[in-house]
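# Reading the structure
Here is how the chains run, residue by residue.
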Amino acid sequence: MRKTPISIEQKVVFSGFFSLSNYMNKAHLANVTPLDAARHFLDNWEHNRIDPSNAFVCESYLDANPDVRDSGMNPLEHYLRFGADEGRALQPARLTTSVGSRDEDELLQSLSEFSDLEVVEAISDLFDSDFYVARYPDIGDKEAAILHYVCHGWREKRDPRPDFDGVFYSSQNPVIEALGINPLLHYKLLGRENGVTPFAVALTGRKLRLDSESKIVSAADIRSMVASGFDFRPRNDSPVASRLKIHWLIPDFNGGGGGHMTIFRTIQWLELFGHECFIWIVNPEAGRTERDREDILLKYYKSVRAPMRVFDDAAKNFGADIVVATSWDTAYYCDTVENVAAKFYFVQDYEPYFYPVGARSLAAKNTYDLELNHICASPWLRNTMEQVHGRWARSFSLAADEVYQEDATRADGKRRRIAFYSRGHTARRAVELGLLALEILSQRRDDFEVHFFGGSVDFEASSFHAYDHGILNPKSLNELYNSCDVGVCFSATNYSLVPQEMMASGLAVVELNVESTVEIFPNGVVSLADPDPKNIADTIERLLDSSEVRTAQATAAREWVRSFSWERSAEQIEAAFLERLGLEKIATQPELKGGEPLVTVIIPTYNGGKIFHEVIAAVTKQRLPYLFQILVIDSGSTDGTVELCRSTPEVDLIQIEKSEFQHGRTRNLGVSQARGQYVAFLTQDAIPVGNSWLFNLVTPLERNPGAAGAFGPHEAHRNADPYTIRDLAAHFEGFRNGPLLQSIALDNVRWTNDQGWRQFLHYYSDNNSCLRKSVWQVCNLPEVDYGEDQLWAMKILELGFEKIFSPHALVSHSHDYDEIETYKRARTEAFFFKQYFGYDVSVADFVSASKSLRAADRVWGTRNGLSDDQIDRRGKLTVSRLAGLCSGAVQDGKFSSDF
């Protein structure tokens, strides 16, 4: 679908000059969309005279541009349509005389009174947006970079350009901090004329002064080259093959980094093998807290047990067998470490290729001559280290995660679909070559569409049908791959994970014909194209034109990808460690029975049926570096559930009478008998997904000692109703997008005044949860017939504890109720919330709500190809649910025993 031009309302919303909450508050608006608010501002400014934000003062713009005032056009609309392109001033110039003709004290006072927009205009010719966004990836939007620096960045000690060190400059001019002056503004209007040095790095005890106009690397980028030594406290004993102490030096990180994902994935597997890891952040980003990193780690990467700290003198207090560098800037620090058995360099790419020939490129290349042992993410990298740099090196293979699978129901649409990896800000992805190839292809044919993912595409319209998906989570990415016919992903240096993920999902892949890809991909598993747009277009077209060629390549690729796994890759890395240490591998996988477990898994059962067999099989297959106990509490099953438990050696069984079962009381019984420090709960129909479910559920509690409990997401069973799949995914997506570590202290005022926020905070589900037994000993589960999990969550929050959402601890669990069951369930929920929380969850207008929800569900169902029967069934269930909520909200008496 060709992209339509952006509307003026959209331009206002995304301009960086429009503050939705600020404008809605001043204009007394409520429950409107951002576009509605923007339209209100455009239509009503002349009457209301409300500025869109503090960043754009309409009267200042009109004062600077009298012709705009005469035209009567909304000031921000004029600026966005014409003014920005014409270089219009946002406000009248402040400096009407030269610096030399003004008293310095007067000028300093004037600088301290500049508005943010005045600072923006004054420093715009010196500010380097490209550098700022590349150096601080959390900024994201290049257009907003200068505004971020002026409003926040300089106070966060961020540098505005590669040759300006704001901290050093301010230290040479104490008046800057005293008066609160932006350092680059001071340099522009006062310091430069007086010859004040804007930049310095510590080098052999002297200050190296750099010319302010030279575009060279900033101090932080090469500071590691002169790192002082780090003398790790040695261990009291020799390294033990089954339990190495491994310290990882890593750069700071944001979400979505493939290199960091490989590091954290490797750490997780090494921990599962029994090794002890530590993570040290080198050159941390300014203003980022430990909690920030914990959230990013858990949201976007893996659950790991390794403590994570900033690399400083504290590192010297930790004994280590091995220290591992993971990037060229951390390699210099690793080289200075002493008192360890071995030092390694985890090489995932040839980093000198990341930069133009210059300081960073040479500094990166120099690290391969340091006395480090190299573990390389491909045979090509290993050969380069051995043959070019003469280093000891071993290699491991990249692999695709298990989530990437081919769906046998791949659609055959009217247009062929291309999945295109568009991480344009990473130069080695050579995205421009692919875009030019698509332009050529569009001149030949109009029967294809392109689905961009992995980063924003930098254009507003295209000559071909195009969709931009941005950054997708693995599950959504697998769905995209399965909807496409051809995958395009380029790697100009070492090969990446993305082609293998595409192959595992059944795509025929196009890659660049360069040295690293030729060495890694066997014949027939990928279509290699020369780095020439026409040749790339030809290669894509050959796959589009022939389903036989696509199928043959995709089949060969899928079989090749299946030969790799991350467990085997981690074993290769472990083997390299042990080889260099002169040690042999010792098998240490713990047995489930015997010894003291760290965690107990409790499952209440009553006639669990066939699905309970799947639950037990999944639990017994969990991979952990410690012992765990499985405890089943059965309340009178007659369908073989008891016999299954007795025949499974790993299961401890407690039997109670059916009349004794109660959700809270029965689980309290289980916890009282649990031998683990942590107690996880499942229901008999909640199937753990993957063999790391329990590790992912317990680890966040280990990392967060203030958390009393953790809970994980549910995904609907594969055969579930499409609406159930949608609703369950949307429910837990809200937790993925919110704060993972939850407590009342997040926002005390909101806790008091916002019912929706309270419901978010005390949501908890014993279908998939884990509590800390030491907390349970002072705060038992409420002994109620329904909702013991949410009531317990409320109690521990009110006691000052936290709870945590673990997005990787996934179970398969859902119900497709009929109309009567739906009504009863909703009635029970409504009565529960009314009795224990004082919430009224019914709808004010039953008829209107039913009509609205059914209409929305019909639209969604039609768009997603559902049958009329499926859509009609959903409509009836909606009516039943709303009726149950209304009934439960006015119900008196006890809970229904049906649920």
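Our subject is the structure that appears above.
Described in the following lines is the structure provided in the data block. (Residues numbered from 1 in each chain as written. Predicted model: local features only at pLDDT ≥ 70, side-chain atom pairs only at ≥ 80, totals over all residues. Heavy atoms only, no water.)

In this section: the packing of aromatic side chains. The geometry of an aromatic ring pair is captured by the separation of the ring centres together with the interplanar angle, meaning the angle of the planes. Under the definition given, this model contains 54 aromatic pairs. Ring centres 5.2 Å apart and planes at 20° place the aromatic pair Tyr-350 and Tyr-368 in the stacked group. Placement of Tyr-350 in the loop between strand S9 (342-347) and helix H18 (359-366) and of Tyr-368 in the loop between H18 and strand S10 (373-376) is noted, with a sequence separation of 18 residues between them. The burial state of Tyr-350 is the same as that of Tyr-368; both residues are buried. On the numbers, 5.6 Å between centres and 50° between planes, the contact of Phe-832 with Tyr-836 is tilted. With Phe-832 and Tyr-836 both in helix H36 (residues 819-837), this residue pair falls 4 residues apart, about one helical turn. Exposure remark for Tyr-836: the relative accessible area of 35% places this residue in the partly exposed category. Chaining the aromatic ring pairs together yields one cluster made of Phe-711, Phe-732, Phe-735, Trp-757, Phe-760, Tyr-763, Tyr-764, Trp-792 and Phe-805. It is Lys-585 that lies over the ring of Phe-273; its NZ or CZ is 5.0 Å from the centre. Its guanidinium or amino end placed over the ring of Phe-681, Arg-667 lies 5.9 Å from that ring's centre, counting from NZ or CZ. (Phe/Tyr/Trp six-rings, centres within 6.5 Å; stacked < 30°, edge-to-face > 60°. Helix = DSSP H or I, 4+ residues; strand = E, 2+ residues; numbered from the N terminus. Buried < 20%, exposed > 50% of the residue type's maximum accessible area, 1.4 Å probe, protein only. Lys NZ or Arg CZ within 6 Å of the ring centre and 35° of its normal.)

An order of S6-S5-S4-S7-S9-S10-S11 is seen for the 7 strands of this open sheet, with the pairing classed as parallel. The outermost strands of the open sheet, each flanked by one partner alone, are strand S6 (308-310) and strand S11 (393-395). Across the sheet, the axes of successive neighbouring strands diverge by a mean angle of 25°, strand direction being ignored. Where strand S7 (residues 322-325) lies against S9, 4 bridges are found, and the strand directions are parallel. Note that in S9 the partner of Ile-322 across the bridge is Ala-342. (Pairing = 2+ DSSP bridges. Axes fitted to C-alpha atoms, helices over the stretch in contact; angles between N-to-C directions.)

For the pair helix H35 (residues 788-798) and H36, interaxial distance at closest approach is 11 Å and the crossing angle is 25°. The angle between the axes of H35 and H36 places the two elements in the roughly parallel class. Considering the relative orientation of H35 and H36, their crossing is right-handed. For the pair formed by H35 and H36, the contact residues are Gln-790, Leu-791 and Met-794 on the first element and Phe-832, Phe-833, Tyr-836 and Phe-837 on the second. Looking at the contact of H35 with H36, its residues break down into 6 nonpolar, 1 polar and no charged. (Parallel < 35°, antiparallel > 145°, perpendicular 65-115°, else oblique. Left-handed = near helix turned anticlockwise from the far one by under 90°. Contact = heavy atoms within 4.5 Å. Nonpolar A, V, L, I, M, F, W, Y, C, P; charged D, E, K, R; others polar.)

For strand S23 (residues 707-711), the buried fraction is high: 5 of the 5 residues fall into the buried class. Pairing between S23 and strand S27 (residues 802-805): 4 bridges, direction parallel. When the sheet's bridge partners are listed, Ala-710 is paired in S27 with Ile-804. Here 3 bridges tie S23 to strand S26 (residues 768-772), and the two strands are oriented antiparallel to one another. What sits directly across from Gly-709, in S26, is Leu-771.

In terms of nonpolar packing, the biggest core is built from 172 residues, with Trp-248 and Phe-577 touching the most fellow members. When sequence neighbours within four positions are dropped, the list of residues in contact with Phe-577 reads Leu-244, Ile-246, Trp-248, Leu-270, Ile-322, Val-324, Phe-344 and Ile-375. Ranked by size, the runner-up nonpolar core spans 52 residues in total, among them Phe-18, Leu-111, Ala-122 and Leu-126. (Core = buried A, V, L, I, M, F, W, Y, C linked by side-chain atoms within 4.5 Å.)

Now for the environment of Gly-424. Structurally, the position occupied by Gly-424 is in the loop between strand S12 (416-421) and helix H20 (431-444). Residue classification places Gly-424 among the partly exposed residues on the basis of a relative accessible area of 36%. Along the sequence, Gly-424 and Gly-455 sit 31 residues apart, while their C-alpha atoms lie 6.6 Å from each other.

Let us now look at the pairing of S7. Side chains Ile-322 and Val-324 project from S7 onto one buried face, and the interleaved Val-323 and Ala-325 project onto a second face that is buried too. Bridge count for strand S4 (residues 245-251) against S7 is 4 bridges, and the pairing is parallel. Following the sheet pairing, Leu-249 is matched in S7 by Ala-325.

Here we take up the environment of Glu-571. Mapping Glu-571 onto the fold places it in helix H26 (residues 566-581). Classification of Glu-571 by relative accessible area gives partly exposed; the value is 37%. When the C-alpha positions of Glu-571 and Phe-273 are compared, they lie 8.8 Å apart, and in sequence the two are 298 residues distant.

The subject of this paragraph is the pattern of salt bridges. Within the structure shown, the criterion is met by 48 salt bridges. Where Asp-67 meets Arg-88, a salt bridge forms, and the shortest distance between an N and an O atom there is 2.8 Å. With a gap of 21 residues between them, Asp-67 in helix H5 (residues 66-71) and Arg-88 in the loop between helix H6 (75-86) and helix H7 (104-112) connect regions that are remote in the sequence. The class for Asp-67 is partly exposed, based on a relative accessible area of 40%. The salt bridge involving Arg-158 is made with Glu-156; its shortest N-O contact spans 2.8 Å. Accessibility expressed as a relative area gives 7% for Arg-158, which makes it buried. With a relative accessible area of 28%, Glu-156 lands in the partly exposed category. (Salt bridge = Lys/Arg side-chain N within 4 Å of Asp/Glu carboxyl O.)

Structurally, Thr-330 is set in helix H17 (residues 328-336). Classification of Thr-330 by relative accessible area gives buried; the value is 0%. Side-chain polar atoms of Thr-330 contact the backbone oxygen of Ser-327, separated by 2.8 Å. What Thr-330 contacts, discounting residues up to four positions off in sequence, is Leu-249, Ile-250, Pro-251, Val-282 and Ala-325. (Polar contact = N/O pair within 3.5 Å; in protein donor to acceptor, adjacent residues only side chain to side chain.)

With that settled, the discussion passes to helix H13 (residues 183-191). Burial analysis of H13 places 9 of its 9 residues in the buried class, the great majority of the element. Looking at H13, one finds that the buried residues are Pro-183, Leu-184, Leu-185, His-186, Tyr-187, Lys-188, Leu-189, Leu-190 and Gly-191.

With that out of the way, let us pick up the side chain of Glu-294. Note that Glu-294 resides in helix H16 (residues 290-300). Excluding its chain neighbours within four sequence positions, the residues that come into contact with Glu-294 are Met-308 and Arg-703.

No statement about biological role is implied by the geometric values presented.
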